[in-house]
Amino acid sequence: MNLIFIINFKFAKMKKILLFIALVAMCAGTANATVNNFGGTPFFASDATSIAGEYSGKITYADMNGKDVTHKFNKTLTFGIVDKGNGLYAIHAYLDFWGGPAHHIIDFRQELTTFTLDNNGNIQNGQGTGHISVVVLKIPFMNNDFNVLPLTGSIVNGHLNLHMVCNVIGKNYTATFDFSGDK
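What you see is a predicted model; the values in this text were computed from it and never measured. (Residues numbered from 1 in each chain as written. Predicted model: local features only at pLDDT ≥ 70, side-chain atom pairs only at ≥ 80, totals over all residues. Heavy atoms only, no water.)

Draft legend 1. Expanded view of the overall build of the chain. Looking only at helices and strands, the chain has 2 helices and 13 strands in total. Every one of the 183 residues in the chain was classed for burial, and the buried ones make up 45%. Taking all contacts inside the chain whose residues are at least 6 apart in sequence as the whole, residues at least 24 apart take part in 53%. Accessible surface for the chain amounts to roughly 9500 Å². Of this, 55% is attributable to carbon and sulfur atoms. (Helix = DSSP H or I, 4+ residues; strand = E, 2+ residues; numbered from the N terminus. Buried < 20%, exposed > 50% of the residue type's maximum accessible area, 1.4 Å probe, protein only. Contact = heavy atoms within 4.5 Å. Areas by Shrake-Rupley, 256 points an atom, 1.4 Å probe, with all protein chains shown as cover.)

Here's what the structure looks like:
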């Protein structure tokens, strides 16, 4: 009985830390897009081939339920942008990583987080969903969808500035992220 209490006590303290790590990873760069500069004139939504592809970048700000945790993020992340046609783009990413004893999977492979771009490269109509699962020592901890709303930012001359708010469905948890990346 004491062993079970000790294990439960240790996991209770880790619960917030693990949730934080999972949410950061799921939202850490959910929409990276870039635009090539041709003849000094940037192309935006009309130049789909320059936007679709793989993007690398870092989180420049992270807030978990009102607590600034930016200092915990220093690794480069890679995400894909898929051209869905008619000026609509989707995020395609699958993040599989370990945070201590917790195995995290952040899944955007269903491409349900989408956005468009205006003529100035501003992200418009950015919103969507993804899925997170966290397993701690083979014990399921979380297996929830999350909403991304709003998803805002800009893509100018091949550089992405992104701001997103993620809410885990069924949990009272909100994460806000700023991301900066290049193709």
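Draft legend 2. The pairing of strand E9 (residues 114-117), seen in detail. Across the two faces of E9 the burial is the same, with Thr114 and Thr116 and Phe115 and Leu117 all buried. Relative to E9, strand E6 (residues 88-92) is paired through 2 bridges, and the arrangement is antiparallel. Counted as the bridge partner of Tyr89 is Phe115 from E9. Pairing analysis gives 3 bridges linking E9 to strand E10 (residues 123-136), with the strands arranged antiparallel. (Pairing = 2+ DSSP bridges.)

Draft legend 3. Representation of the environment of Ser56 in the model. Residue position: Ser56 is located in strand E3 (residues 53-64). A relative accessible area of 33% places Ser56 in the partly exposed class. Separated by 126 residues in the primary sequence, Ser56 and Asp182 place their C-alpha atoms 5.7 Å from one another. With residues near it in sequence (within four places) discarded, Ser56 still touches Thr76, Leu77, Thr78, Phe179, Gly181 and Asp182.

Draft legend 4. Quick look at the confidence of the model for the chain. Confidence along the chain averages 73 in pLDDT terms, with 70% of residues attaining 70 or more. By mean pLDDT, the top-scoring element of the chain is E9 (94), and the lowest-scoring one is strand E1 (residues 37-38) (30). A low-confidence stretch, residues 2-7 (pLDDT under 50), is modelled with 0 contacts involving residues beyond four sequence positions or located in other chains. Here residues 17-46 is a poorly scored stretch, pLDDT under 50, and it has 106 contacts once near neighbours within four places are set aside; other chains count. (pLDDT = per-residue confidence, 0-100.)

Draft legend 5. Layout of the pattern of salt bridges. A complete count under the given rule lists 2 salt bridges for this structure. One salt bridge in this structure joins Glu111 and Lys84, with 3.1 Å as the shortest N-O distance. Of the two residues, Glu111 is situated in the loop between strand E8 (102-107) and E9 and Lys84 in strand E5 (residues 77-85); the sequence distance between them amounts to 27 residues. Between Arg109 and Asp107 there is a salt bridge; the shortest N-O distance is 3.0 Å. For Arg109, a relative accessible area of 44% translates into the label partly exposed. (Salt bridge = Lys/Arg side-chain N within 4 Å of Asp/Glu carboxyl O.)

Draft legend 6. Looking closely at unusual backbone geometry. The peptide bond linking Leu149 to Pro150 adopts the cis configuration, its omega dihedral lying at 0°. Turning to its location among the elements, Pro150 is positioned in strand E11 (residues 139-156). Although it is not a glycine, Glu111 sits at a positive phi angle of roughly 55°. The class for Glu111 is buried, based on a relative accessible area of 17%.

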